[in-house]
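# Architecture at a glance
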Amino acid sequence: MKSLLECQGLTKKYNNFYALSNLDLTLEKGQIVGLLGPNGSGKTTLIKLINGLLVPTDGRVMVESMAPGVETKKIISYLPERSSVSEHMRVKDIIAYFADFYDNFNVERANAMFKDLEIDTHARMRTLSKGTKEKVQLILVMSRDAELYILDEPIGGVDPAARDYILHTILTNYNENATILISTHLITDIENVLDRVLFLQNGHLTLNETVDDIRTKWGKSVDALFREVFKC
Ligand SMILES: Nc1ncnc2c1ncn2[C@@H]1O[C@H](COP(=O)(O)OP(=O)(O)OP(=O)(O)O)[C@@H](O)[C@H]1O
């Protein structure tokens with residue numbers, strides 16, 4: 001089976017500091033993968049390398065057998081750590097902009113999710129709360145028919161009640177052959193929707209297991225295992 005994402009010996013050095021060291025990783029299609037690790041462990045660095053926003057110091061990353069570039073941007077839908085959406089625009093204008101920019105943007109799906117989450121699409125971004133802005137961006141990203149969705153800390157500002165709804169409707173309302181890679185510290189909230197978990201520690205991939213195998217092997221939740229492994 002052709003893999004969706006392949007990293008071989010992937011290394012990123014900032015000056016003399018290794019943010020990512022010799023990382024080997026293969027992800028197949030059709031799974032929701034949690035990218036977990038303490039602050040500074042290299043999650044955003046890995047995500048930026050996959051998106052071609054950083055160049056590896058060593059090793060390589062391939063998406064659908066292609067190096068990051070124009071072609072991979074068409075099949076990756078990326079939610080960055082920090083907002084890339086213009087604050088003065090109205091939500092409806094951002095939807096139109098996305099529809100214009102991305103061939104694979106599904107306007108009906110976006111509008112249905114905005115309606116479900118009761119977000120006023122006439123509102124300007126700057127007038128929305130932090131959590132609502134996050135919802136808007138997540139909806140925009142998940143409304144593309146992509147093969148790989150990469151979400152860097154998508155729901156930190158969303159209240160816990162809305163989180164459940166978002167995780168179950170938005171993250172599961174996507175093409176089942178696609179893969180979602182989510183970096184988050186909200187492990188308890190998210191672990192029920194995850195198929196696989198990656199642990200990053202000081203730039204090293206220290207765990208790559210299915211959630212079922214974690215529960216069977218260690219007899220504990222992903223959150224409990226994370227707290228044990230990364231105990232300060
Ligand atoms: N541009 C840069 N120059 C120098 N060091 C950097 C740069 N970007 C990141 N780093 C360092 O690389 C390491 C990994 O950072 P990264 O942002 O990938 O971590 P992270 O796991 O995403 O952290 P967090 O959970 O806090 O967002 C950190 O020690 C960080 O300080």
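Residues numbered from 1 in each chain as written. Predicted model: local features only at pLDDT ≥ 70, side-chain atom pairs only at ≥ 80, totals over all residues.

Looking at an unreviewed UniProt entry, one finds the protein chain named ABC transporter ATP-binding protein and attributed to Faecalicatena faecalis.

What follows deals with the overall build of the protein chain. Each helix and strand in the protein chain was counted, giving nine helices and nine strands. Taking 232 residues into account, the globule formula puts the C-alpha radius of gyration at 17 Å, and the protein chain, at 18 Å, falls close to it. For the protein chain, the spread of C-alpha atoms along the principal axes amounts to about 45 × 40 × 35 Å. The buried share of the protein chain, reckoned over its 232 residues, is 37%. Across the protein chain, the fraction of contacts at a sequence separation of at least 24, relative to all contacts at a separation of at least 6, is 70%. (Helix = DSSP H or I, 4+ residues; strand = E, 2+ residues; numbered from the N terminus. Rg over C-alpha atoms; globule rule 2.2 N^0.38 Å. Buried ≥ 20, exposed ≤ 12 C-beta atoms within 10 Å, placed from the backbone. Contact = placed C-beta atoms within 7 Å.)

Let us now look at the nonpolar core. Ranked by internal contacts, the top residues of the largest apolar core, which has 57 residues, are Leu148, Tyr149, Ile150 and Ile180. The element best represented in this core is helix α5 (residues 130-142), accounting for six residues. (Core = buried A, V, L, I, M, F, W, Y, C linked by C-beta atoms within 7 Å.)

A sheet is described by the order of its strands in space; here six strands give the open sequence β5-β6-β7-β3-β8-β9, paired in mixed fashion. The open sheet has two edge strands with one neighbour each: β5 (76-79) and β9 (204-210). On average, each strand axis in the sheet is tilted by 15° relative to the strand beside it, whichever way the strands run. Taken together, the four bridges between strand β3 (residues 32-36) and strand β8 (residues 196-201) define a ladder with parallel strand orientation. The residue of β8 that forms the bridge with Leu35 is Leu198. Where α5 meets the sheet, it contacts β5 and β6 (148-152), and its direction lies at approximately 175° from that of β5. (Pairing = 2+ DSSP bridges. Axes fitted to C-alpha atoms, helices over the stretch in contact; angles between N-to-C directions.)

A few words on the pairing of strand β1 (residues 5-14). Judged from the seven bridges that link them, β1 and strand β2 (residues 17-27) form a sheet pairing that is antiparallel. Bridging from a neighbouring strand, Lys12 pairs with Leu20 of β2. With antiparallel pairing between neighbouring strands as the criterion, β1 and β2 make up a hairpin whose turn holds two residues, including Asn15 at a positive phi of roughly 50°. For β1 and strand β4 (residues 58-63), the ladder comprises five bridges, and the chain directions are antiparallel.

Taken together, Tyr14, Phe17, Ala19, Gly37, Asn39, Gly40, Ser41, Gly42, Lys43, Thr44 and Thr45 make up the full set of residues near the ligand. At three residues, the largest contribution of residues to the shell around the ligand is made by helix α1 (residues 43-50). Residues that form the shell around the ligand fall into these classes: three nonpolar, seven polar and one charged. (Near = placed C-beta within 6 Å. Nonpolar A, V, L, I, M, F, W, Y, C, P; charged D, E, K, R; others polar.)

When you line up the elements, Leu25 lands in strand β2. On the basis of neighbour counts, which here come to 18 C-beta atoms within 10 Å, the residue Leu25 falls in the partly exposed class. For the pair Leu25 and Val61, spaced 36 residues apart in the sequence, the C-alpha separation amounts to 9.1 Å. Discounting chain neighbours no more than four positions away, the residues touching Leu25 are Cys7, Leu205 and Asn208.

For helix α4 (residues 107-116), the set of buried residues is Ala110, Met113 and Phe114. For α4, the arc enclosing every buried residue in end-on projection is 100°, short of the 170-degree limit, so these residues lie on one face. Turned more than 90 degrees away from the buried face of α4 sit Glu108 and Lys115, all of them exposed. The positive-phi residue at the C-terminal boundary of α4 is Glu118, with phi of around 55°. (Arc of directions from axis to C-beta.)

Turning next to the pairing of strand β7 (residues 179-183). Taking burial as the measure, the five residues of β7 include five buried ones, the bulk of the element. Residue alternation in β7 divides its side chains into two sets, Thr179, Leu181 and Ser183 and Ile180 and Ile182, and both sets are buried. As judged from the five bridges shared by β6 and β7, these two strands associate in the parallel manner. Residue pairing across strands places Ile150 opposite Leu181, the latter belonging to β7.

Attention shifts here to the sheet that holds β4. Pairing is antiparallel across the open sheet formed by three strands, whose spatial order is β2-β1-β4. Edge positions in the open sheet fall to β2 and β4, since each of these has one partner strand only. Adjacent strand axes in the sheet meet at a mean angle of 20° when their direction is disregarded. The sheet contacts of α1 involve β1, β2 and β4, and relative to β1 the element is tilted by about 120°.

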